[in-house]
Structures are given as structure tokens and as C-alpha cells.
Amino acid sequence: MLSKSLARASGAYLIVNILNAAIPFMLLPILTRYLSTTEYGVVAMFQTFVAALSAFTGLSVHGAALRKFYDLSEDKTELKDYIGACLQILLLSSSIIFLLVFFVSDYLSTLFGLNHGWLLVAVIVSAASFVVNIRMGQWQVRNSILKYSAFLLSQSLVNLSLSLLLVIVLKLGGEGRLIAMAWTPVLFAGVALFSLGRCNLIGTSWHVNHVKEALRFGVPLIPHVAGAFLLLTIDRLVVNTKLGLGQAGIYMAAIQVSMIASICFDAINKAFVPWLYERLSRNLIEEKQLIVKWTYIYFVFLLGLAIVGFYVGPYFIFILTGPNYQAAQEIIGWLLLGQIFKGMYLMVTNYVFFAKKTVYLSVVTMISGLLNVLFLFLLIDYLGLHGAAIATALAGAVQFLLTWYAANRSFQMPWTSLKVWSRP
């Protein structure tokens, strides 16, 4: 059976992520009653643009700092210089992106429905999120669940408080929600930098070798992150372009409800990664067979949840969003199915990261993302919002299957061995 340490860690992350998710879900029934569907659509477009920028601010090297922890010996002093190199890459890349957004802001404003100022703010928010991910990643690899949890929950509580103050008390509407979404990550990026410095995890020297190593890890992931944008986020942009901001707002509300599943999967994966990497490093066939067995059991469980989602989801979404977002009930089942495939994807993508074959993920995600765009344009014209949700589920299935194939190419596991079922 699985180790007690994994069960405890997974349970702790699950509880924290559920609590963290409960905070924005407390906002959802409030915002959907205080904001029009068009205002909610503007909020969705801001989030979409931030997600699009994440492929380029920092060049995806924050994951390199997490992976580097496992490459070093007991003496982790080199790690601070490596993290410093990642932050130097962030500063340079974000400055360039800021200038590019400034010069093409007219086009981007038309595409996303945001004014020029919010486009530039999105660059800063994306860079701030990178810093936060660096700090939280270092707590994750050290299994510092308490610190990780306190930071995560504090960030959500500040976001909640600011949103309620600005939207309800000061009556700033959608603008108030955007302000809260911008200031929260910037504030916590400052806290993250202070914490990293206090723990002696930021080096200030310029180390060319560290920069090159981090870029070798991160740059191949840029197509992966860009593909992830096409796969996971561009649906909101296409819905906005074809159906308008109001429909984008309804679609975003349904997406947020479906994220309940994603939050649970994320929690399990955060606990699973350190446990898995430790066992993959030992490369024992008995342990690999046990991992495969429980992965298959997990897959069956998730597919069962997907069926339940089609029946329970519409009732749940009506309670959360109210009558103005009634159209969301018709698409929630398909969006939940898409999240289920994401949960299955997380169980196989870790092998690619462990083997450092991130270029495989870039290819897979880009293919899946481009197919998602194709599905979106084909189905939205005929089925409207329903078509967008079905396209998301189809693309999620493609990504999972292709990533599973890439995982087997990267690190051999006994996926087809019948022996996995003979072990207790």
C-alpha cells in the first residue's frame, strides 16, 4: 500500500487547497450578483491575458529551481545562486515583455477588451506570480506544509477582503475586482522575496552557468506553457471574440465552478511529486509496479467522478451563480470532464519532468492546444457555449493520452505489465 507519509502529505495539501478554494468560491455567488455578465467577462479577459503572459515572463524557469533541489547534495548553498539566476532571468524578460505590450497595446486592447493600463498591469501581475511560485516551490520540496499553507491562505484572504471592500463597500464594480486581483500577487511577491532572502535563498551574483542551465530547463517549456494557454485558457478569448463579453462572463463562472476538481488534483499532485521523485531515483521494479497499480485505480475513480459531475454539476452551479448565469448549467458537466482529464494528466506528466525531457511536453501541449483552437472554432459556431465546453474536454483527453505516451518514452514504467496486479 502507499506510504503513510504520502497519505499525510496528500491529505494536508488537499485540506489546504480546499480551504484556499473555498475563499474564491465565497466570492463567486457575491460577484455574480454584484457584477453584470459583461463586467465578469472583463475580469475573465484580464485573467486570460495574465495566463498568456506566463509563458514569457520568467521564461518558465521557476520549475528549474524546484528541480535543482534534488540535484544537489546535502549542502544546498549552491541553490541560492541558482534561484538568484532565475530571478535575474525574470527581471530581464519581464522588462522586455512590458515594452512589447506597451507598443502593441492598441491591438491587444481590441482583442482582450481591456484598456491599455490594465494590459501593462497584467505584465507586473504575471511577474509577481512567478516570484510567489519560486517561494512556494521551495517550501513544497522541503515538505514545509505549514508555511506553504499559511502563505497560500493569506494570499486568498487578502484577495477576498480587497474584493469585498472595493466591489461592495466602495461600489467600484468590475474595476474593483481587477484592482484586488492586481494588488494581491504584487504584495505577496514582496513577502516572498523577503522570505527567500531571510532564508538565504537568493544569490545576488551573476552566474552564467546557472543562467544557462535554468534556460535549458525553462526555454523548452515556453511552447509547453504557450500550448497550455491554447489548451486551458484561450477558450475564454474565443468565446469573447465570437459570442461577446457577456457570454465570456457566463463561461468563466462555469469554469470557476469546475475548478473544484482541479484544486483537489493539484493538492494530490503537490504531495505526490516529492514522494514519486524519491522512488524513481531508487529505480526499484517493485516500487514502480506499485505506483502503476495505484495510478490505474486512481484513473478509474476519476472517470467515475466525471459521470457524477454531469448529474450533480447543474444543481451546484445554480446555487453558486444565480439566475443570471443559468446558461452555465448546460456546460458544467463537460467542463468537469475536462478537469478530470487534467487530473489524469498530472499523474503521468511528472515522469517527463523527472527525466528532464521537457521538450516532449512542449510538443504535446502545443499539439493539444492547437487542436483545442480547431475544436473551438468548429464547435462554437454550431453549439455556442456548449461547443466551447465540449472542445475543452476533447482537448484535455488528447493532452492526457499524448503525455502518457511521452512519459513512457521519457522514463520506463511497467504500464502494460500484468504483474502490477499480483502485488498486494
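As a reminder, the structure under discussion sits directly above these lines.
These numbers come from a predicted model, not from an experiment. (Residues numbered from 1 in each chain as written. Predicted model: local features only at pLDDT ≥ 70, side-chain atom pairs only at ≥ 80, totals over all residues. Heavy atoms only, no water.)

Chemist: What should I look at first to understand the packing of aromatic side chains in this one?
Modeler: Describing an aromatic ring pair means giving the distance of the ring centres and the angle of the ring planes. Under the definition given, this model contains 18 aromatic pairs. Seen in terms of ring centroids, Phe-299 and Phe-400 are 5.3 Å apart; in terms of plane orientation they differ by 85°. Their pairing is edge-to-face. Taken together, the residues span a long stretch of sequence, with Phe-299 in helix H13 (residues 285–321) and Phe-400 in helix H16 (residues 385–410) at a distance of 101 residues. An aromatic cluster of three or more residues is present, and its members are Tyr-296, Phe-299, Tyr-351, Phe-400, Trp-404 and Trp-415. Above the plane of the ring of Trp-139 lies Arg-135, whose end atom (NZ or CZ) is 4.0 Å from the centre. (Phe/Tyr/Trp six-rings, centres within 6.5 Å; stacked < 30°, edge-to-face > 60°. Helix = DSSP H or I, 4+ residues; strand = E, 2+ residues; numbered from the N terminus. Lys NZ or Arg CZ within 6 Å of the ring centre and 35° of its normal.)

Chemist: Where do I start with the packing of helix H11 (residues 234–243) against helix H15 (residues 358–383) in this structure?
Modeler: Two quantities define a packed helix pair, namely the angle between the helix axes and the distance between the axes. Between H11 and H15, the shortest axis-to-axis distance is 11 Å and the interhelical angle comes to 30°. Read as a crossing pair, H11 and H15 show a hand that is right-handed. Where H11 approaches H15, its residues Ile-234, Asp-235, Val-238, Val-239, Lys-242 and Leu-243 are matched on the opposing element by Asn-372, Val-373, Leu-376, Phe-377, Ile-380 and Asp-381. Looking at the contact of H11 with H15 residue by residue, the class counts come to eight nonpolar, one polar and three charged. (Axes fitted to C-alpha atoms, helices over the stretch in contact; angles between N-to-C directions. Left-handed = near helix turned anticlockwise from the far one by under 90°. Contact = heavy atoms within 4.5 Å. Nonpolar A, V, L, I, M, F, W, Y, C, P; charged D, E, K, R; others polar.)

Chemist: Would you take a moment to explain helix H8 (residues 173–198) for this structure?
Modeler: One turn of the α-helix equals 3.6 residues, which is why residues spaced by three or four share an orientation. Counted at 1.5 Å a residue, the expected span for H8 with its 26 residues is 38 Å, and the 38 Å between its end C-alpha atoms agrees. Phi turns positive one or two residues past the end of H8, at Asn-200, with a value near 55°. (Expected span 1.5 Å × (residues − 1).)

Chemist: Is there a simple way to think about the packing of H13 against helix H14 (residues 332–354) in this case?
Modeler: In contact at an axis separation of 7 Å, H13 and H14 are set at 160° when each is read in the N-to-C sense. As far as their axial angle goes, H14 and H13 are roughly antiparallel. Helix-helix and strand crossings are classified by hand; for H13 and H14 the assignment is right-handed. By residue class, the composition of the contact of H13 with H14 is 19 nonpolar, five polar and no charged. (Parallel < 35°, antiparallel > 145°, perpendicular 65-115°, else oblique.)

Chemist: Looking at this structure, I do not really get the nonpolar core. What am I missing?
Modeler: Side chains that are nonpolar tend, in soluble globular proteins, to be buried together. In this structure, Tyr-351 and Met-413 are the most contacted members of the largest nonpolar core, which totals 69 residues. Per element, the largest residue contribution to this core is 12 residues, and it comes from H14. If we skip the residues at most four places from it in the chain, Met-413 touches Leu-280, Lys-288, Ile-291, Val-292, Tyr-351 and Asn-408. Listed in part, the 64 residues of the second largest apolar core include Val-50, Leu-230, Ile-234 and Tyr-251. (Core = buried A, V, L, I, M, F, W, Y, C linked by side-chain atoms within 4.5 Å. Buried < 20%, exposed > 50% of the residue type's maximum accessible area, 1.4 Å probe, protein only.)

Chemist: Hey, could you run me through the environment of Ser-93 in this one?
Modeler: Along the polypeptide, Ser-93 turns up in helix H4 (residues 77–103). Residues Ser-93 and Thr-57, 36 residues apart in the sequence, show an inter-C-alpha distance of 5.6 Å. Leave out the neighbours within four places in its chain, and Ser-93 touches Phe-56, Thr-57, Gly-58 and Leu-59. Among the polar contacts made by the side chain of Ser-93, one reaches the main-chain carbonyl oxygen of Leu-90 at a distance of 3.2 Å. (Polar contact = N/O pair within 3.5 Å; in protein donor to acceptor, adjacent residues only side chain to side chain.)

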